[in-house]
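Architecture and fold: a report
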Amino acid sequence: MWLINEPHPSFEEIILKALALVVACVATGALLAGCASKPTNKDDSAFAYLLDRPSNWVENKVDTLPPLPQDSNLLPFEVSGNTPLHFAVDKNSLSVGTDGVVRYTVVVTSPSGARNVNYEGIRCDTYEWRQYAGLNADHDGWDETVANDFRRIENGALNAYQATLYQDYFCANKMPTGSAKQIVENIRYKRTQTSLIH
């Protein structure tokens, strides 16, 4: 036999609870409506995401080019196991600018010994690269007529060494990974960004 001796709520208590529930629902609805409305200040935005702001970026002027690379200063790096070409960066040419551009001399060598030597820069915040100069026809100086503007780095190409340098050594979170000395040491000891995470 069950004896339930609980008091029954009165009519007033039921009305008060229902009224409290209605007030809570209205308040919640007003709060959600306020969150969904657009800002009302003049420029129609109270907050601008950092990456949505217009860029005032200005590239540092490159007035002087580094000396041509010496074999003893070249640091090899791996691009792809499928390419016969060999890639190296001149450790003495590598610099990190206040503009977020990592500048370097790259030497690409074919199996027959032919060399392509370029002075380039990689802009970390936009995933772009540019060439400032290439080895001249006499192989005794720089040719600045081959210079180009920044362009998107290509990922899928067999010899996409700029993508390798950006992803493995130069940049992380759209910023240079460190000083020129740190980047040189990482290339020397094959410490890629992936290997540093593990």
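Structural notes, computed from the coordinates. (Residues numbered from 1 in each chain as written. Predicted model: local features only at pLDDT ≥ 70, side-chain atom pairs only at ≥ 80, totals over all residues. Heavy atoms only, no water.)

This part covers the overall build of the protein. Helix and strand counts for the protein come out as four helices and ten strands. Within the protein, the fraction of its 198 residues that count as buried is 34%. In the protein, once contacts between residues fewer than 6 apart in sequence are set aside, the share between residues at least 24 apart is 47%. Within the structure as shown, the protein displays about 13,600 Å² of accessible surface, and the carbon and sulfur contribution to it stands at 56%. (Helix = DSSP H or I, 4+ residues; strand = E, 2+ residues; numbered from the N terminus. Buried < 20%, exposed > 50% of the residue type's maximum accessible area, 1.4 Å probe, protein only. Contact = heavy atoms within 4.5 Å. Areas by Shrake-Rupley, 256 points an atom, 1.4 Å probe, with all protein chains shown as cover.)

Looking now at the packing of aromatic side chains. Evaluated as defined, the whole model comprises seven aromatic pairs. Measuring from ring centre to ring centre gives 5.7 Å for Phe 87 and Tyr 161, while their planes differ by 35°; the resulting arrangement is tilted. With Phe 87 in strand E2 (residues 86-90) and Tyr 161 in helix H2 (residues 161-170), the pair connects residues that are 74 residues apart, well separated along the chain. A relative accessible area of 9% means that Tyr 161 is categorised as buried. Where Tyr 119 meets Trp 142, the ring centres are 6.3 Å apart and the plane angle is 55°; that geometry is what we call tilted. Of this pair, Tyr 119 sits in strand E5 (residues 115-123) while Trp 142 sits in strand E7 (residues 142-143), and the two are 23 residues apart along the sequence. Here the two residues Tyr 119 and Trp 142 agree in accessibility, since each one is buried. Cluster of aromatic residues (ring-pair linked, three or more members): Phe 77, Phe 87 and Tyr 161. (Phe/Tyr/Trp six-rings, centres within 6.5 Å; stacked < 30°, edge-to-face > 60°.)

Burial of nonpolar side chains together is a common tendency in soluble globular proteins. By size, the foremost hydrophobic cluster in this structure holds 26 residues, and its most contacted members are Phe 77, Leu 94, Tyr 104, Ile 122, Tyr 161, Leu 165 and Phe 170. Those elements giving two or more residues to this core turn out to be strand E1 (74-77), E2, strand E4 (101-109), H2 and helix H3 (180-188). Those residues in contact with Tyr 161 that lie beyond four places of it in its chain are Phe 77, Val 79, Phe 87, Tyr 104, Val 106, Val 108, Asn 118 and Glu 120. Core analysis: the next-biggest nonpolar cluster, separate from the first, contains ten residues, Leu 74, Tyr 119, Tyr 132 and Ala 133 among them. (Core = buried A, V, L, I, M, F, W, Y, C linked by side-chain atoms within 4.5 Å.)

Among the residues making up H3, those that are buried are Ile 183, Val 184, Asn 186 and Ile 187. Take H3 and look down its axis: the buried residues cluster within an arc of 160°, on one side only. Just downstream of H3, Lys 190 is the residue with a positive phi angle, here 55°. (Arc of directions from axis to C-beta.)

Function-wise, these values are silent; they only describe arrangement.
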